[in-house]
Amino acid sequence: MSRVSQPWPPVAVEPAVPHPKAPVAGTELGVHFNECFGCGDEADAGLHLRSTVGEGQVVHSRFTVTAAHQGAPGLAHGGLLACAFDEALGSAVGNLMRRPAVTGKLETDFRRPVPVGSTLFIETRLDGVAGRKIYVSADGHLDAADGPIAVSARALFIVVAFDHFSTHGDPEALEKLAAQHEKNQREREERGWEINP
Ligand SMILES: CCCCCCCCCCCCCCCC(=O)SCCNC(=O)CCNC(=O)[C@H](O)C(C)(C)COP(=O)(O)OP(=O)(O)OC[C@H]1O[C@@H](n2cnc3c(N)ncnc32)[C@H](O)[C@@H]1OP(=O)(O)O
């Protein structure tokens, strides 16, 4: 029996066209928020996921499972693996489309156990756009980019206005985030990158 029972994307979509100023293939994507559980340097027990833009509409992410991520002894917790995919998929949407978006729906298929100490190589694709809805999917390969698929995921991200974050989020943390983005921007300028969003 197939694990994916519904067609994907589930609605008619237009091709997802990356923003003209989207980072080019080979670009290492920075941390989008230091306290982010998915990628932040200040989230000690976090996933510390790192991503690089690939060829086409693809982002390659990787994270190493530590003892802090266990469910059963020696094995990654499924919810944490779902978190890694939320981060990887969201990073692909945010960086390639350069539109603020939040996860509306996230589905995961767990195909193989993921042991502590292993690294998951996640390849995310943009699958299409329907109005504010952006469909993305990903496969997580165990211990190598071409390793066996341990987890697959599909998600719907919904484009929101920036005030989604100021209305519902933490204003102090948003200020820190703005400061970090300014710092990133300065560093990119110093490296001669084009930084206009
Ligand atoms: C800018 C530059 C960036 C630079 C680079 C940044 C990098 C950045 C990296 C970030 C990496 C972090 C990645 C983690 C991302 C999170 O984890 S985000 C946190 C988790 N998600 C949330 O908290 C979202 C909570 N939910 C909500 O706020 C609201 O429900 C939503 C999602 C905004 C939607 O509400 P709404 O705006 O009122 O819209 P609504 O009409 O309900 O839905 C819009 C459409 O989506 C459909 N829809 C909504 N939800 C669903 C669903 N669950 N299933 C199916 N359809 C749905 C609706 O049916 C509707 O369809 P249409 O009628 O248009 O056909």
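Residues numbered from 1 in each chain as written. Predicted model: local features only at pLDDT ≥ 70, side-chain atom pairs only at ≥ 80, totals over all residues. Heavy atoms only, no water.

## A word on the environment of arginine 50
Convention followed: Only DSSP runs of H or I covering at least 4 residues are called helices, and only runs of E covering at least 2 are called strands; the numbering of each starts at the N terminus. Throughout this description, a polar contact denotes any pair of N or O atoms lying within 3.5 Å of each other; where both atoms belong to protein, one of them has to be capable of donating a hydrogen while the other can accept it, and for residues adjacent in sequence the pair is counted only when both atoms sit in side chains.
Tracing the sequence through the fold places arginine 50 in strand E2 (residues 50-53). Put simply, arginine 50 and alanine 88 are 38 residues apart on the chain and 8.4 Å apart in space, counted from C-alpha to C-alpha. Among the polar contacts made by the side chain of arginine 50, one reaches the side chain of aspartate 41 at a distance of 2.6 Å.

## Overview of the site of the ligand
Definition in use: Any residue with a heavy atom positioned within 4 Å of a molecule or strand is treated as near that molecule or strand. Only the protein chains shown count as cover for residues, and the accessible areas themselves come from Shrake-Rupley with a 1.4 Å probe.
Around the ligand, a shell composed of 20 residues is seen, among which Asp86, Thr103, Gly104, Arg132 and Lys133 lie nearest. Here a nitrogen atom of the ligand and a backbone polar atom of glycine 104 are 3.0 Å apart. With the chains in place, 51% of the 1,400 Å² that the ligand exposes on its own is no longer accessible. Taken together, the elements giving at least two residues each to the shell around the ligand come down to helix H1 (78-97), strand E4 (101-110) and strand E7 (149-159). For the shell around the ligand, the element with the highest residue contribution is H1, accounting for 6 residues.

## Quick look at the UniProt feature "domain: Thioesterase" (unreviewed entry) in the chain
We apply this condition: UniProt positions are given in the numbering used here, feature names are shortened, and annotations may be inferred rather than shown by experiment.
Within this structure's numbering, the places UniProt gives as "domain: Thioesterase" (unreviewed entry) are residues 74-139. For residues 74-139, the helix share is 30%, the strand share is 44%, and the end-to-end C-alpha distance is 22 Å.

## Some details on the side chain of serine 137
The test is simple: Here a residue-residue contact requires only that any non-hydrogen atoms of the pair lie within 4.5 Å.
Within the secondary structure layout, serine 137 lies in strand E6 (residues 133-142). For serine 137, the side chain forms a polar contact with the side chain of aspartate 127, separated by 2.7 Å. Setting aside residues no more than four positions away along its own chain, serine 137 makes contact with Trp8, Leu89, Glu123, Thr124, Arg125, Asp127, Ala153 and Arg154.

## Quick word on the packing of aromatic side chains
Counted only if it meets this: Two aromatic rings, drawn from Phe, Tyr or Trp (for Trp, its six-membered ring), form a pair once their centres lie within 6.5 Å of each other, and the interplanar angle then sorts them: stacked below 30 degrees, edge-to-face above 60, tilted otherwise. In this scheme, a residue with accessible area under 20% of its type's maximum is buried, one over 50% is exposed, and one in between is partly exposed, where area comes from a 1.4 Å probe on protein chains only.
For the structure shown, the criterion picks out 1 aromatic pair. With 5.4 Å between their ring centres and 80° between their planes, tryptophan 8 and tyrosine 135 make a pair best called edge-to-face. Of this pair, tryptophan 8 sits in the segment before strand E1 (28-29) while tyrosine 135 sits in strand E6; the two residues are 127 residues apart in sequence, bridging distant segments of the chain. By relative accessible area, which is 26% here, tryptophan 8 ends up partly exposed. Taking the relative accessible area as the measure of exposure, tyrosine 135 reaches 3% and is therefore buried.

## A look at the nonpolar core
The condition is simple: By nonpolar core we mean a set of buried residues, namely Ala, Val, Leu, Ile, Met, Phe, Trp, Tyr and Cys, connected to one another through side-chain atoms within 4.5 Å.
In terms of nonpolar packing, the biggest core is built from 34 residues, with Phe63, Phe85, Leu89, Val114, Leu120 and Ile122 touching the most fellow members. Within the residue set of this core, elements represented by two or more residues are strand E3 (58-64), H1, strand E5 (119-130), E6 and E7. Of the residues forming this core, the biggest block, 10 residues, is contributed by H1. Beyond its immediate chain neighbours, meaning those up to four positions away, phenylalanine 85 contacts Gly90, Leu120, Ile122, Ala138, Asp139, Gly140, Val151, Ser152 and Ala153. Listed in part, the 6 residues of the second largest apolar core include Val31, Phe33, Cys39 and Ala173.

## Considerations on the environment of arginine 111
Its location among the elements puts arginine 111 in the loop between E4 and E5. By relative accessible area, arginine 111 is classed as partly exposed at 37%. Measuring from C-alpha to C-alpha, the distance between arginine 111 and leucine 174 comes to 37 Å, with 63 residues separating the pair along the chain. Engagement of the side chain of arginine 111 in a polar contact is seen with the side chain of serine 152, the distance being 3.2 Å.

## Some points on the pairing of E6
Note the cut-off: Strand pairing is assigned whenever DSSP identifies at least 2 bridges connecting the two strands.
The buried fraction of E6 is high, at 9 of 10 residues. Across 10 bridges, the pairing between E5 and E6 is antiparallel. Residue pairing for E6: leucine 120 is matched across the bridge by leucine 142. Here E5 folds back onto E6, and the loop between the two strands holds 2 residues, one of which, glycine 131, carries a positive phi near 65°. Linking E6 back to E7 in an antiparallel pair, the connection comprises 6 residues, with aspartate 143 at a positive phi of about 65°.

## Quick notes on the sheet that holds E5
In a beta sheet, neighbouring strands are held together by backbone hydrogen bonds and run either parallel or antiparallel to one another. Here is the rule we go by: For helices, the fitted axis covers only the stretch in contact; all axes are lines through C-alpha atoms, and the angles between them, taken along N-to-C directions, range from 0 to 180 degrees.
Spatially, 7 strands are ordered E1-E2-E3-E5-E6-E7-E4 in an open sheet, and the strand pairing comes out antiparallel. With partners counted over all chains shown, the strands left at the sheet margins are E1 and E4, one partner each. Bridge analysis of E2 against E3 gives 4 bridges, and the strand direction is antiparallel. Pairing of threonine 52 across the sheet is with histidine 60, part of E3. Lying over the sheet, H1 contacts E1, E2, E3, E4, E5, E6 and E7, oriented at roughly 50° with respect to E5.

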